[in-house]
Amino acid sequence: MTAAERADSVFGCYCEYLDGKGLRYKKDADERKILLQMTGANLPVTLLLSVEEDNERTFVFAKLPFDVSREKRVDLAMAVTYINAVLATGTFCVDADGGYVSYESNELYTGLHGFTAAYAERVIVSAFSAVDMFNDKLFAVNKGLLTVKEFAAQM
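Predicted model, so just to flag it, every value in this text is computed and none were measured.

Caption draft 1: Expanded view of helix α1 (residues 3-20). For α1, which comprises 18 residues, the first-to-last C-alpha distance of 26 Å matches the rise-based estimate of 26 Å (1.5 Å per residue) to within 8%. All of the buried residues along α1 are Ala-7, Val-10, Phe-11, Cys-13, Tyr-14, Cys-15, Tyr-17 and Leu-18. Against the buried residues of α1 lie β1 (25-28), β2 (33-39), β3 (44-52), β4 (57-63) and α3 (117-143). At the C-terminal side of α1, Gly-22 shows a positive phi close to 70°.

Right under this line is the structure:
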């Protein structure tokens, strides 16, 4: 199997899972990208899934739906450090220049014969769960409704 065929197969697994769940999404098959928007418990969650043939990996990116205030960037950086210490997969990042918080994860599929729709489900559900679990708390830190100390106590 060529690298392009592997990448197409992995992309197909993502689509198979999403189609099987009846989820609406936008896809660009040529670029192997999927945009998935879902409603979380408190805030909307938008995931960008990308299958990268050259690196033989999938990349998940979610930009949280709020701008980071300049005064709270350090607080948010501290808060995401607490989160990243407990996450099994993925990481939260604060882009100080861009003024946003994101979630990112990578999955290598090199030589992975078992990348199935069920595996795609695990990747998507893990990303969605992490973002949904923490986006409202990070929003509260950003708005000054929750201190970093209070945030850490909830971890």
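Caption draft 2: How the structure looks around the packing of aromatic side chains. Within this structure, the stated rule accounts for six aromatic pairs. When the ring of Tyr-14 is compared with that of Phe-115, the centres are 5.5 Å apart and the planes differ by 65°; the resulting orientation is edge-to-face. On the criterion of sequence distance, the pair formed by Tyr-14 in helix α1 and Phe-115 in the loop between β6 (100-108) and α3 is long-range, its members being 101 residues apart. Ring geometry for Phe-59 versus Phe-61: centroids 6.5 Å apart, planes at 25°, classification stacked. Assessed through its relative accessible area of 18%, Phe-59 is described here as buried. An aromatic cluster is defined as three or more aromatic residues linked by ring pairs; in this entry it consists of Tyr-14, Phe-115 and Tyr-119. A cation over an aromatic ring shows up here: Lys-63 above the ring of Tyr-100, its NZ or CZ 4.9 Å from the ring centre.

Caption draft 3: Inspection of the sheet that holds β1 at higher detail. Read across the sheet, six strands follow the order β1-β2-β3-β4-β6-β5 without closing on themselves; strand pairing throughout is antiparallel. Here the strands that pair on one side only, and so sit at the sheet edges, are β1 and β5 (91-95). When strand polarity is set aside, the average angle formed by the axes of neighbouring strands in this sheet is 20°. The pairing of β1 with β2 spans four bridges and is classified as antiparallel. Within β2, the residue paired with Lys-27 across the bridge is Ile-34. Lying on the sheet, helix α2 (residues 73-86) is in contact with β5 and β6; it crosses β5 at an angle near 170°.

How each quantity is defined
- Residue numbers restart at each chain and count upward from 1, following the sequence in its written direction.
- The predicted origin of the model limits local features to residues at a pLDDT of at least 70 and limits the giving and counting of side-chain atom pairs to 80 or more, whereas totals for whole chains, interfaces and linings rest on all residues.
- Where side-chain values are given, they derive from all heavy atoms of the structure, hydrogens and water being excluded.
- Going along the chain from the N terminus, every DSSP run of H or I of four or more residues is numbered as a helix, and every run of E of two or more is numbered as a strand.
- In this analysis, the expected span of each helix is defined as 1.5 Å times one less than the number of residues it contains.
- We call a residue buried when its accessible area falls under 20% of the maximum for its residue type, exposed when it is over 50%, and partly exposed in between, using a 1.4 Å probe and counting protein chains only.
- Two residues qualify as a contact provided that any one of their heavy atoms is within 4.5 Å of a heavy atom in the partner residue.
- Aromatic rings from Phe, Tyr and Trp, with only the six-membered ring used for Trp, were paired whenever their centres fell within 6.5 Å, and each pair was classed as stacked if the ring planes differed by under 30 degrees, edge-to-face if by over 60, and tilted otherwise.
- Either the NZ atom of lysine or the CZ atom of arginine qualifies as a charge over a ring when it sits within 6 Å of the ring centre and within 35 degrees of the ring normal.
- For two strands to pair, DSSP has to find at least two bridges joining them.
- For helices, the fitted axis covers only the stretch in contact; all axes are lines through C-alpha atoms, and the angles between them, taken along N-to-C directions, range from 0 to 180 degrees.

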